[in-house]
Amino acid sequence: MSKMFQTLKPKTDPLSQSVKAKNDPLSQNSQKITTTKMFGNLQPSKNQPSNNNNNNNINNNNNNNNITQKKQTGMLDFFKKAEKISEPELILIMGDVHIPNRIDHIPIEIKNILEKNKSKFSRILCTGNFGNIETYDWFKSLLSPGHEFNCVKNDFQETNLSFPEKLMIKSNKFKIGIINGYQIVPWGDLTSLSAISKQLECDVLISGFTHIKGVYNFEGKWFINPGTLTGAFSSLSNNPSPSFMLLLTVEDSATLYEYELDINTKNFDVKKIELTKS
């Protein structure tokens with residue numbers, strides 16, 4: 001049995017200016033996620049020696065020795081804890097852009113929000129069909145130096161750039177696979193997608209091609225389709241809404257944010273889903 005998660009919604013709209021959505025990656029009120037915010041300062045405990053004047057020198061020496069030992073133990077605990085901590089990652093997931101073959105531009109609302117928050121992205125995962133080289137260069141501009149734009153091969157060549165048929169990355173403790181989706185028969189079929197997931201041994205499989213946004217839990221694994229960033233048509237969807245997703249991973253937990261643009265109101269509908277490892 002598969003479970004589709006389309007109705008879950010955060011308690012507050014992460015993009016609204018009238019509410020405080022501190023936990024949303026693109027909120028105006030959100031702050032950069034650091035290990036300090038997650039785990040505190042990771043400082044060893046500081047035990048101060050007693051100032052009791054009645055203690056004799058021998059007791060003072062013993063106390064000082066105990067304090068030194070506690071500090072050393074605390075420092076060892078600090079380093080052991082720090083070694084186990086991985087930095088949080090915020091991943092932009094998108095695809096099926098199709099510029100200029102099916103549509104001529106990315107909606108300005110999407111461009112604005114991504115450009116405003118570009119310093120937050122650890123990497124970009126693209127399911128293919130990004131369009132022309134100018135669009136590719138714009139996606140790259142959203143990333144800081146050293147951060148990766150990961151893309152897979154789609155059903156027809158759009159540029160001289162070459163990409164792999166399948167891709168695997170690791171984000172904290174999550175193994176994430178990416179394919180375009182044109183290989184899947186029938187298109188978007190969960191059983192066929194599950195076979196790819198097992199082959200890649202991933203926790204999350206991201207695919208596109210259908211232009212139909214969705215998040216599914218099937219046979220203990222997660223399947224994500226970010227939809228189409230531009231609202232470009234497909235043979236399965238004539239008038240889809242522009243959409244993208246963000247995946248925030250912290251150690252062995254992950255939160256997915258779906259952003260769908262209402263082309264009439266120009267507002268975003270945002271849904272939040274917690275992903276768990278099986």
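Structure: see above.
About the thresholds
Residues numbered from 1 in each chain as written. Predicted model: local features only at pLDDT ≥ 70, side-chain atom pairs only at ≥ 80, totals over all residues. Heavy atoms only, no water. Salt bridge = Lys/Arg side-chain N within 4 Å of Asp/Glu carboxyl O. Helix = DSSP H or I, 4+ residues; strand = E, 2+ residues; numbered from the N terminus. Buried < 20%, exposed > 50% of the residue type's maximum accessible area, 1.4 Å probe, protein only. Core = buried A, V, L, I, M, F, W, Y, C linked by side-chain atoms within 4.5 Å. Contact = heavy atoms within 4.5 Å.

1. Digging into the pattern of salt bridges
Logical step 1: Applying the stated criterion across every chain yields a total of seven salt bridges.
Logical step 2: Across the pair D203 and K277 runs a salt bridge, and its minimum N-O distance is 3.1 Å. Here the residue D203 occupies a position in the loop between α5 (190–200) and β7 (204–206), and K277 occupies one in the segment after β12 (268–275), the gap between them amounting to 74 residues.
Logical step 3: Among the residues examined, D203 registers a relative accessible area of 11% and is labelled buried.
Logical step 4: For K213, the salt bridge is made with E260, and the minimal N-O distance between the two is 3.2 Å. Linking K213 in the loop between β7 and β8 (214–218) with E260 in strand β11 (residues 253–261), this pair joins segments that are 47 residues apart in sequence.
Logical step 5: The partly exposed category is assigned to E260, whose relative accessible area is 26%.
Logical step 6: Connected through salt bridges with shared partners, the residues D203, K221 and K277 form a single ionic network.

2. Digging into the nonpolar core
Logical step 1: Formed by 31 residues in total, the largest nonpolar core has its most connected members in L92, M94, L114, F139, F149, F244 and L246.
Logical step 2: Of all the elements in the fold, those that place two or more residues in this core are β2 (89–94), α3 (108–116), β3 (123–126), α4 (133–141), β4 (148–151), β10 (243–250), β11 and β12.
Logical step 3: When residues in this core are grouped by element, the largest group, four residues, is from β10.
Logical step 4: Apart from the residues lying within four places of it in its own chain, the contact partners of L92 are L114, F121, R123, I124, L125, L142, F244, M245 and L246.
Logical step 5: In terms of nonpolar packing, the next biggest core, distinct from the first, is built from 20 residues, I93, F174, M245 and L247 among them.

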